[in-house]
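# Close look at the chain arrangement
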Amino acid sequence: MTATTPHPLLGHAHRLATDLLIPEAERVDQEGVPVSHIEAVKRSGLLGVGAPVAYGGSGAPPDVVRRTAEILAGACCSTWFVQAQHHTPVQILAQSELPVRERLLGPLSRGELMSGVAYAHLRSYPRVPVRVRREGGGWRFDGTVPWYTGWGLNDVMLLAGVTDAGEALLAFAEARVQPGLRASEPMRLAALTAARTVSLELTGLWLPEESVALRTPYERLAPRDRARTLNANPAVFGLTEAALSLLDAETAAPLTARLADVRRRAYALADHPAPLERVAERLALRVESYEVLRTATTAAVVAGGGRSMTLTSRAQRLAREALFLLVQGQTAESRAAHLRALGAA
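Residues numbered from 1 in each chain as written. Predicted model: local features only at pLDDT ≥ 70, side-chain atom pairs only at ≥ 80, totals over all residues. Heavy atoms only, no water.

## Focus: the side chain of T297
Note the cut-off: Helix numbering and strand numbering both begin at the N terminus, where a helix is a DSSP run of H or I of at least 4 residues and a strand a DSSP run of E of at least 2. Polar contacts, as counted here, are pairs of nitrogen or oxygen atoms within 3.5 Å of one another; within protein the pair requires one atom able to donate a hydrogen and one able to accept it, and residues that are adjacent in sequence qualify only if both atoms are side-chain atoms.
Assignment of secondary structure puts T297 in helix α10 (residues 279–304). Separated by 3.3 Å, the side chain of T297 and the backbone oxygen of R294 make a polar contact.

Right, here's the structure in full:
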């Protein structure tokens, strides 16, 4: 593959989007992501886009990983969001030296299994929604996971909690009802109800030591997680592109140029070797990406007129999905930066 030859996974992503995700997106939005969509994603190889080649993944560079996310999010944001959960467990396993790596990294990299992630509640530390204690030859989990996406679609989940010693502990569990684990009914949300998000009640869920993928002081994990939430989300750019495709060329031209400029600057900063430097600039670009998204989806709704109010309208769906992306992956730091920018506008 040369510098001018597209990565094969980009072709897979485009075909999946064109042949399946875009034609079905409005129906999926109303009825839910079907298992058949997840099976198609598994067959496409996209679950292994950033996974190690030695374990059956593609080991694609960051620009390819980002572009596949853009393509999927712009085609069907619900399907993108379900499969997006998978990549964090793969990354954590790829860096792990614990036995679970050899058991699961191959199947996850090859798309034989898909993982969800019950992780975001760690960001509320020192509040501890899920507490973990040593029990027997394993670990006992108690508490509430407020948000878990892909229930009924994922094969396994990476479950996070905090020990009494202040360690973050992440371990794999089967993504199903079992002793000590109960799921709520799927949440009805303004957008992405289709992604099957539930809350999980943990009442003594026991996982063996060999299921643990990471155990580290929370203070050591927090900077890595913070770095992930400072940069602009590729899904924002994919959704913006989808909205611009609904506009005539004259209306779309200035917004297309603005999108290209923000994306170029955001990705250049994302590739900076020091992920926790230039924080203010990263957050400003994140906010700027949201402004381009808001303008593009609003323009698509306006261009569609009264038809945009129907649930079969693509413009209306994209506008709701844009609202979702405003808060997806949000932290106190990114929220404060966004609100400051809105207040100064």
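That shown, we press on.
## Things to note about the pairing of strand β2 (residues 130–135)
Selection criterion: Two strands pair under a simple rule: DSSP has to find at least two bridges between them.
Two elements, β2 and strand β3 (residues 138–149), share 6 bridges in a ladder whose sense is antiparallel. Considered in β3, the bridge of R131 is made with D142. Counted along the chain from β2 to the antiparallel partner β3, the turn is 2 residues long, and its residue G136 has a positive phi close to 60°. As paired elements, β2 and strand β4 (residues 156–163) share 2 bridges and run parallel to each other. Within the sheet, the bridge partner assigned to V132 lies in β4 and is T163.

## A short note on the pattern of salt bridges
Selection rule: Only one rule defines a salt bridge in this text: a Lys or Arg side-chain nitrogen within 4 Å of an Asp or Glu carboxyl oxygen. Exposure classes here rest on a 1.4 Å probe applied to the protein chains alone. A residue is buried below 20% of its type maximum, exposed above 50%, and partly exposed in between.
Here the structure, examined in full by the defined rule, presents 29 salt bridges. The partner of R27 in a salt bridge is E24, and the shortest N-O contact between them spans 2.5 Å. In this pair, R27 and E24 are both assigned in helix α1 (residues 8–31), 3 residues apart and thus about one turn of the helix distant. What makes R27 partly exposed here is its relative accessible area of 37%. Owing to a relative accessible area of 25%, E24 belongs among the partly exposed residues under this scheme. Residues participating in the shared-partner salt-bridge network are R67, E70, E241 and R263.

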